[in-house]
Amino acid sequence: MATASALLSSPSLVSICDKSFIKPSCLTPPKLRLHKLSFVDQFLSNQYIPVAFFYPKPQREESNNNSQLSHIADLLQRSLSQTLVSYYPYAGKLRDNATVECNDIGAEFLSVQIKYPMSEILNHPHATDAESIVFPKDLPWKNNYEGGNLLVVQLSKFDCGGIAISACLSHKIGDGSSVINFLNDWANVTRDHTFVVPSPRFVGDSIFPSQNGPLIAPQSMSNVSECVQKRLIFPAAKVDALRAKIAVESGVENPTRAEVVSALLYKCATKSKAAASSSGNIQPSRLVHYLNVRTMMKPRLPRSTIGNLLSVFSTAATQDIELPRMVRNLRKEVEVAYKKDQVEQNELVLEVVESMKKGKLPFEENDENSTYFCSNLCKFPFYSVDFGWGKPERVCIANGPSKNYFFLKDYKTRRGVEAQVMLQKQHMSAFECDEELLQFASSSSGV
């Protein structure tokens, strides 16, 4: 089996069969031509959020690989065109940091042939690296280029007949909840052309307005050059055991999957960093959780709302982390967040305002303090995205966006947890061998 780096660097492995630009099937009306970006949208970088879905061989009559790829591409392009009518900002371009011009330039669509079996990608010892082959080259987590498309899709056809559908969506327009709404609606239209896309609500700058024109703020850049990402599977039975154990020891009622798994990952990550340091001591650090505030708004916003409707909560550690105490602190911070006005007292907005005053990036760490981030995507129905070929065999998020990052999402059963962990290389070896972690998780790529 080839190494992941050899796979990704092989010029003969991937051949681009077609590159198209898919416009909305109906023109965007003049009154919707300008989409105003909120304060939160503006301070976010121009990064793409990259998600990919792997499907076994679709049952089609065509025996020729090229004709089958063309048939599937045509199906996806027609449904994408229909879906973009409702998701029109993704078919526009950035005019400046405060405005998307919804001019219907469309989404970029690539059709590629991969001369490699899908199973060998998914079962590769370094699968999270090998899976990168199904994304447009060098695009995931990168800041989108000047005038670039805000949505880029790649359809990949493997030698075995399996396919992967990847989508890179501009973070300027929406968060993870926005992404899964779009992907599910697109899949529904592909599966049933009579499906009527519910009209999503684009909040624009109506909730977090920016008072002084385009925001000029330091831009965070994706940097994973010295990092490695691992996928960890926490089976449902192991998660339930961990939750029960921590419930007894912490006094927290019904600790969530995200609370216990993120606390465990954080503990093991800080231990691995200490093991690699000259002193061997735990460094002061904090764990920052991103928070979807749609249901915390007054009045509550529907889940179909599109935008960056985010806040954060965090907890700090200055010594060895005890899981019961960490989970207790996480629960306390969530309860505090639910009591706050998530417009006037939004911790993410306050962090950005304070960092801008100092000319720094939000959550910027220094030599004395480390910051770890967690995006909890559990309960987001990624494994329900069905374009007509059943549920995906695997869903992956491309490597990134930076070191010390945890992505949590449902495993296939919707009860276990799949974690993608990005750490610096010198810390990962100790992390993945941590005995406490291995009690509850498997790092096997083929599960």
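Residue indices follow the written sequence of each chain, beginning from 1 at its first position. Only residues with pLDDT of at least 70 are given local features in this predicted model, and only at 80 or more are side-chain atom pairs given and counted; all residues enter the totals for whole chains, interfaces and linings. As a rule here, side-chain values come from all non-hydrogen atoms in the structure, and water together with hydrogens is ignored.

Student: Outline the environment of P255, listing residues and values.
Tutor: Helix and strand labels come from DSSP, where a helix needs a run of H or I of at least four residues and a strand needs a run of E of at least two; each type is numbered from the N terminus. In this fold, P255 is placed in the loop between α7 (236–250) and α8 (257–276). Accessibility here uses a 1.4 Å probe with only protein chains present; expressed as a share of the type maximum, an area under 20% marks a residue as buried, one over 50% as exposed, and anything in between as partly exposed. Residue classification places P255 among the buried residues on the basis of a relative accessible area of 1%. With 12 residues separating them in the primary sequence, P255 and R243 have C-alpha atoms 5.9 Å apart. What P255 contacts, discounting residues up to four positions off in sequence, is R243, A247, V260, V327 and R331. The contact criterion used throughout is that any non-hydrogen atoms of two residues lie within 4.5 Å.

Student: Can you explain the sheet that holds strand β1 (residues 14–22)? Please cite residues and give values.
Tutor: The pairing of strands in a sheet comes from backbone hydrogen bonds and takes either a parallel or an antiparallel form. A pair of strands is considered paired only if DSSP assigns at least 2 bridges between the two. Taken together, the 6 strands give an open sheet; going across it, the order is β1-β6-β7-β8-β3-β15, and neighbouring strands pair in mixed fashion. At either margin of the open sheet sits one strand with a lone partner, and together these are β1 and β15 (394–397). Within the sheet, the average angular offset between the axes of one strand and its neighbour, ignoring direction, is 15°. Pairing of strand β7 (residues 151–158) with strand β8 (residues 163–170) involves 7 bridges; the strand directions are antiparallel. By the bridge assignment, V153 is partnered in β8 with A167. The strands touched by helix α6 (residues 176–191) are β3 (48–55), β6 (107–114), β7 and β8; relative to β3, the strand with the most contacts, the crossing angle is about 40°. A fitted line through C-alpha atoms serves as each axis, taken over the contacting stretch for helices, and the angle formed by two N-to-C directions is quoted from 0 to 180°.

Student: Run through the packing of aromatic side chains, naming residues and quoting values.
Tutor: Put simply, two rings from Phe, Tyr or Trp (the six-membered ring, in Trp's case) pair if the centres are within 6.5 Å, and we call them stacked under 30 degrees between planes, edge-to-face over 60, tilted for the rest. Under the counting rule described, the total for this entry stands at 19 aromatic pairs. Ring centres of Y87 and F182 lie 5.2 Å apart, and the angle between their planes is 85°; on these two criteria the pair is classed as edge-to-face. Separated by 95 residues along the polypeptide, Y87 in the loop between α3 (65–86) and β4 (93–96) and F182 in helix α6 bring together distant segments of the chain. For the pair formed by Y87 and F182, the shared burial category is buried. Members of the aromatic cluster, connected to one another through ring pairs, are Y55, Y87, Y88, Y90, F182, W186, F202, F387 and W389.

Student: Give a detailed account of empty space enclosed by the protein, specifying residues and quantitative values.
Tutor: In this analysis the probe radius is 1.4 Å and the grid spacing 1 Å, with only protein atoms considered; a cavity is a set of points the probe fits into but cannot get out of, a pocket is an open set with protein on both sides within 12 Å along at least five of seven lines, and lining residues have an atom within 4 Å of a point. Grid points are joined across faces, edges and corners, and a volume is the space filled by probe spheres set on the points. Taken as a whole, this structure holds 1 cavity of 30 Å³ or more when the rule is applied. Forming the boundary of the largest cavity are S38, V203, G204, I207, F208, G307, N308 and L309. In this classification, the charged set is Asp, Glu, Lys and Arg, the nonpolar set is Ala, Val, Leu, Ile, Met, Phe, Trp, Tyr, Cys and Pro, and all remaining amino acids, among them Gly, are polar. When the residues that make up the lining of the largest cavity are grouped by side-chain class, the tally is 4 nonpolar, 4 polar and no charged. Domain ranges listed in this record stem from an automatic or a database domain assignment. Shared between two domains, the lining of the largest cavity holds at least three residues of each, these being domain 1 (4–207) and domain 2 (227–443).

Student: Can you tell me about the pattern of salt bridges, naming the residues and giving the values?
Tutor: We define a salt bridge as a contact between a side-chain nitrogen of Lys or Arg and a carboxyl oxygen of Asp or Glu at a distance within 4 Å. Within the structure shown, the criterion is met by 20 salt bridges. Between E418 and R231 there is a salt bridge, with the nearest N and O atoms lying 3.0 Å from each other. Here E418, found in strand β17 (residues 417–424), pairs with R231, found in strand β10 (residues 227–234); they are 187 residues apart in sequence, far enough to count as distant. In this structure, R243 engages D240 in a salt bridge whose closest nitrogen and oxygen atoms are separated by 4.0 Å. With R243 and D240 both in helix α7 and 3 residues apart, this pair spans about one turn of that helix. Three or more residues are tied together by salt bridges with common partners; here these are E131, R231, R394, K409 and E418.

Student: Any details on the domain arrangement of the protein? Residues and values, ideally.
Tutor: Per the domain assignment, the segments making up the protein are domain 1 (4–207) and domain 2 (227–443). Distance from the C-alpha centre of domain 1 to the C-alpha centre of domain 2: 26 Å. At the interface, 53 residues of domain 1 touch 43 residues of domain 2. Taken together, the two surfaces of domain 1 and domain 2 that pack against each other cover about 4200 Å², and 65% of this comes from carbon and sulfur. On the domain 1 side of the interface with domain 2, the three residues burying the most area are Y55, T128 and W141, jointly 15% of the side's total. Linking domain 1 with domain 2 are 3 salt bridges, by the criterion used here. The residue D175 makes a salt bridge to R294 at a minimum N-O spacing of 2.9 Å. As used in this structure description, the phrase polar contact means that two N or O atoms lie within 3.5 Å; if the pair is within protein, one of them must be able to donate a hydrogen and the other to accept it, and residues adjacent in sequence are counted only when both atoms belong to side chains. For the pair domain 1 and domain 2, the number of links is 23 residue pairs in polar contact (both at pLDDT 80 or more). Counting only elements with at least two residues in the side of domain 1 that touches domain 2, the list comes to α2 (39–43), β3, α3, α5 (127–130), β8, α6 and β9 (201–202). What counts as buried area is the accessible surface, traced by a 1.4 Å probe, that two parts surrender upon association, with contributions from both included.

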